[in-house]
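Fold and contact review
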Amino acid sequence: MAEPLDKAKIKEAVIRKKREVYEPVKPDLQLGFIHNNVDCIGCRACEIACKDKNGLAPGPRFRRVMYVEGGKFPDVYAYKVNMSCNHCAEPACLPTCPTGAIYKRQKDGIVDIDSSLCIGCRRCEAACPFGAPQFIPDQNIVSKCNMCVDEIDAGRKPYCVMACMMRVLDIGPIDKLRDGTHETKARGPNDYIVSQVQSMADPELTKPSIVFIPHSKGAVK
Amino acid sequence: MSGGQEPKSVFGRNDVRAGIAFGYVALAAFVFWPASTTVNATAPGAQTVVTQKSTQVAQAVTAPAAAPAAAVATPAAPAPLDKEAAAAIAALAKISDYQKARWHPLHFKPAIDTASNDQCLACHKEVLDTKVRDKSPAGVAAAQSVAWYQTLDTFEGGQDTFHARHMSTPFAKTVMNLKCNFCHQGNDPREEAQHSSATSVNAGVTMRKMVDPSKTCLMCHGKFPGVVMGFEDQPWHALREGMETPDAPNGCLSCHADQFRTERHKVNYLNAAAIESEAKTKSDTCFGCHGGRAWYRNSYPYPRHPWPGMDPVVPEWAKNRPTQSAAEHLAGVK
């Protein structure tokens, strides 16, 4: 059995390590999502597949399809934005965690959470600019999308991607998704890619690993 | 595998994938279409919010938050509620229907902008009562966990929720004066992407949040702005060595006591006098909010308030910055 932790020892170590700072992990490869805002029909199959995979009750949603509608007749528009955890290059959730429950994988940049280490302080939930960490009220812990790491490690794609009948959601190396060199059905031959859409938090905060095929009314940059 | 490769397993085959997709589409249609806006209303956590709080409302009305203990410069005590305000808050507590509560005008612009903490806490007092778990499900003890930013000398006490750390801990009460609506700036249950429809009011919030983190959280959780001080990208922990002595423990004051003396702390969400006082004895009082708790990798572009003796030449980095805080944050604005 492991030795019980000595609080005084920890405090001493804290003083010794004082002024050390957090440095984000620089992964060998950064996986990310691509979502086609225009061709998505908002069926929410991805949401349900995610909830099914993760055994989520009605409240928390790791993935969310957001309906965006606007304009004035006759210039009206509608499109969908689909986001879960964006597995940011420099995630805000990770440095907030006091127990080390959140970590970023070196090999593919996936930001995973071991909820069994979570004490429910909910700092990650507050810090994430994209609302990814989800509070599980009956357990007083937080959980979130981990891009289905078990599927990734088994050579498959996440449940949300597999469930998308329109093929508008996909994953891939984010640098290749950004420069358009990654082969994916989510992007058509004349589509262009943006990193931010209307109403989305500033990507400079955490550098999220997601790109979009935007609607003409939704593109930012 | 690299995530970009087509899956090689049976699940990667298009016919199987289409089958899976169709199954989930059917399930999604069943779950969402009948009443997509009421899904959250049935969440167990949400249901209890309104119905269990009537006794807490009375507390909120009759017993305002305790005065800050040991505050160096004690913030003004909240004015006693007039009869009308107290009655309005008591009325909030009587709303027992979740949907009614959800659609209460207080949650929308413009009422949310002037909502008092007492009004919010009439129904949401549990946010300050909620505690972290003593142990994680795997047995990690909260009392023996320390995050890297909790090594700052401003940190005291044990692990607590982020609401407590921003509103009710001794440090929060000393240096901050945050109201609920500083962060929670409104919510329109009709829209998943706020203020995207033609009829909505631009609430300045971002997707999946009730706030724009760039305009709020980033103020105290941004990167150390060393570049604008001419330190290039050097972190403060590399610079502070030699600037701090036992008599003058706060290296920031080497330059910011007189030479570069902005007045930006004179905003209504901070207790400026208390910060000034704390900064003289604690080395991390300034750094804590200026790089010491940097969740975000960019810096907040603070307004550059002029100070007596300020060089009239505006440096390149400050050319597009405002010279005073946003109107709603100016000291004296409630």
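In what follows, the structure referred to is the one given above.
The structure reproduced in this document is the subject of the present report. Numbering of residues starts from 1 in each chain and follows the order in which that chain's sequence is written. The lettering of chains begins at A and the numbering of ligands begins at 1, in the order of writing. Totals for whole chains, interfaces and linings use all residues, but because this is a predicted model, local features are given only for residues with pLDDT of at least 70 and pairs of side-chain atoms are given and counted only at 80 or more. Remark: hydrogens and water are excluded; side-chain values derive from all non-hydrogen atoms of the structure.

**Thoughts on unusual backbone geometry**
Residues and elements named next belong to chain A. Here the residue pair Phe73 and Pro74 is connected by a cis peptide bond, since its omega of 5° sits within 30 degrees of zero. Here a strand is any run of E in DSSP of at least two residues, a helix any run of H or I of at least four, and the numbering for each starts at the N terminus. Locating Pro74 in the fold gives a position in the loop between strand S2 (64–72) and strand S3 (75–83). Its identity is not glycine, yet Arg44 carries a phi of approximately 65°, on the positive side.

**Some thoughts on a nonpolar patch on the surface**
Put simply, a patch holds well-exposed residues, over 30% relative accessible area, that have no salt bridge, with like charges counted together within 9 Å and Val, Leu, Ile, Met, Phe, Trp or Tyr side chains within 5 Å. In short, Shrake-Rupley with a 1.4 Å probe defines the accessible areas, and a residue's cover is counted only from the protein chains shown. When a carboxyl oxygen of Asp or Glu lies within 4 Å of a side-chain nitrogen of Lys or Arg, that pair is called a salt bridge. On the surface, a nonpolar cluster with roughly 250 Å² of combined accessible area is contributed by Ile41(A), Met165(A) and Met166(A). We classify Ile41(A) as partly exposed; its relative accessible area is 44%. In this scheme, a residue with accessible area under 20% of its type's maximum is buried, one over 50% is exposed, and one in between is partly exposed, where area comes from a 1.4 Å probe on protein chains only.

**Describing helix H15 (residues 285–292) of chain B**
Residues and elements named next belong to chain B. Most of H15 is tucked away, with 7 of its 8 residues classed as buried. Residues of H15 that are buried include every one of Thr285, Cys286, Phe287, Gly288, His290, Gly291 and Gly292, and no others. Where H15 is buried, its residues contact helix H11 (218–221), helix H12 (236–239) and helix H14 (272–281). Whether two residues are in contact is decided by their heavy atoms: any pair within 4.5 Å suffices.

**What to know about the sheet that holds strand S1 (residues 31–36) of chain A**
All names here are of chain A. Taking strand neighbours across the sheet as the criterion, the 3 strands line up as S8-S1-S9 in an open arrangement whose pairing is mixed. Sheet topology places strand S8 (169–173) and strand S9 (210–213) at the edges, where each strand pairs with a single neighbour. On average, adjacent strands in this sheet sit at an angle of 25° to one another, irrespective of strand direction. A pair of strands is treated as paired once DSSP finds two or more bridges between them. When S1 meets S8, the two strands line up antiparallel, connected through 5 bridges. Paired with Leu31 across the bridge in S8 is Pro173. Axis angles are defined between N-to-C directions and span 0 to 180 degrees, where every axis is a line fitted to C-alpha atoms and, for a helix, only to the segment in contact.

**Some points on the packing of aromatic side chains**
Here is the rule: rings of Phe, Tyr and Trp (six-membered ring for Trp) pair when centre to centre is within 6.5 Å. Planes less than 30 degrees apart are stacked, more than 60 are edge-to-face, and the remainder are tilted. Applying the stated criterion across every chain, the model contains 10 aromatic pairs over all chains. Consider the rings of Trp148(B) and Trp295(B), whose centres lie 6.4 Å apart with planes at 85°: the pair is edge-to-face. Taken together, the residues Trp148(B) in the loop between helix H7 (126–129) and helix H8 (162–167) and Trp295(B) in the segment after H15 connect sequence positions 147 residues apart. Among the residues examined, Trp295(B) registers a relative accessible area of 7% and is labelled buried. Ring geometry for Phe224(B) versus Trp236(B): centroids 5.7 Å apart, planes at 40°, classification tilted. Pair noted here: Phe224(B) is in the loop between H11 and H12 and Trp236(B) is in helix H12, with a separation of 12 residues, a long-range link. Here Phe224(B) and Trp236(B) have matching classes, each one buried. Put simply, the rings of Tyr22(A), Trp148(B), Tyr149(B) and Trp295(B) pair up and form one aromatic cluster. The cationic tip of Lys80(A) hangs over the ring face of Tyr67(A); the distance from NZ or CZ to the ring centre is 4.8 Å. Across from the ring centre of Phe135(A), 3.6 Å away, lies the NZ or CZ of Arg122(A), which sits over that ring. Definition used: whenever NZ (Lys) or CZ (Arg) falls within 6 Å of the ring centre and also within 35 degrees of the ring normal, the charge is taken to sit over that ring.

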